[in-house]
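Take a look at the letters that make up each chain.
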Amino acid sequence: MPFERYFGPSAPLSAPPFSAPVPVPAPVDAIARQPRLPASLPLRTACRIVRQMVCELVQLFGDRVMLRRDRRRVSCHVRQIAMYVCHVALSIPMSDIGEAFGRDRTTVGHACHVVEDRRDDLAFDEFVAAVERIVTAVFGVSEVTVHD
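The rules behind these values
- In this convention, every chain numbers its residues from 1, walking through the sequence in written order.
- Residues qualify for local features only when their pLDDT is at least 70, as the model is predicted, and side-chain atom pairs are given and counted only at 80 or more; totals for whole chains, interfaces and linings, by contrast, use all residues.
- Side-chain numbers come from the whole structure's heavy atoms, not from hydrogens or water.
- Lines fitted to the C-alpha atoms define the axes, with helices restricted to the stretch that makes contact. Angles between their N-to-C directions range from 0 to 180 degrees.
- Elements are defined by DSSP. Helices are runs of H or I of four residues or more, strands are runs of E of two residues or more, and each kind is numbered from the N terminus.
- Should an angle fall under 35 degrees it is taken as roughly parallel, and over 145 as roughly antiparallel, whereas 65 to 115 is taken as roughly perpendicular and any remaining angle as oblique.
- Each crossing gets its handedness from the near helix: less than a right angle anticlockwise from the far helix is left-handed, clockwise is right-handed.
- Should any heavy atoms of two residues lie within 4.5 Å, those residues are considered in contact.
- Residues are sorted three ways: Asp, Glu, Lys and Arg are charged, Ala, Val, Leu, Ile, Met, Phe, Trp, Tyr, Cys and Pro are nonpolar, and all the rest, Gly among them, are polar.
- When accessible area is computed with a 1.4 Å probe and restricted to protein chains, residues below 20% of their type maximum are described as buried, those above 50% as exposed, and intermediate ones as partly exposed.

Digging into the packing of helix 1 (residues 43–61) against helix 3 (residues 71–88)
Taken N-terminus to C-terminus, the directions of helix 1 and helix 3 make an angle of 130 degrees; their axes are 9 Å apart at the nearest point. Taken together, helix 1 and helix 3 sit at an angle that is classed as oblique. Considering only the axes of helix 1 and helix 3, their crossing is right-handed. Residue-level inspection shows Cys47, Val50, Arg51, Val54, Cys55 and Val58 of helix 1 in contact with helix 3, the latter providing Val74, Ser75, Val78, Arg79, Ile81, Ala82, Val85 and Cys86. Per-class residue counts for the contact of helix 1 with helix 3 are 11 nonpolar, one polar and two charged.

Right under this line is the structure:
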């Protein structure tokens with residue numbers, strides 16, 4: 001019987017048949033805050049992809065009335081979230097993000113502060129966390145910083 005080696009008569013009923021692998025911590029990079037994007041993908045393209053993903057998710061989950069009424073504000077929020085996710089999830093420096101979005105690095109810093117302040121709202125925090133997970137999955141980032 002093939003299950004006997006896992007569920008033998010000597011094994012207690014409450015013990016799991018398989019042992020879970022012990023997670024090994026990822027090695028820390030010698031150079032901190034380096035982007036982990038594929039070498040063939042320019043930063044500008046990566047930032048545009050992140051912005052488009054945020055835009056699509058906002059259109060999918062956002063308030064329809066608000067989207068129709070104030071498009072300029074929504075596009076500003078999309079850009080701010082995209083800048084924040086590029087900086088936090090992809091570890092791209094603010095100056096490079098600013099260059100990719102056609103803005104100054106101080107604008108990127110302001111966007112990061114705005115998004116960080118808005119994360120006190122549970123729904124917004126879950127939305128941004130979902131965007132971060134999607135971006136890290138798409139770009140294959142090996143180390144992900146968890147938001148506290």
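Resuming the write-up.
Comments concerning the environment of threonine 106
Looking at where threonine 106 falls in the secondary structure, it is placed in helix 5 (residues 105–118). A residue is classified by how much of its surface remains accessible, and threonine 106, at 45% relative accessible area, is partly exposed. For the pair threonine 106 and serine 95, spaced 11 residues apart in sequence, the C-alpha separation works out to 8.2 Å.

In short, geometric facts, not functional conclusions.
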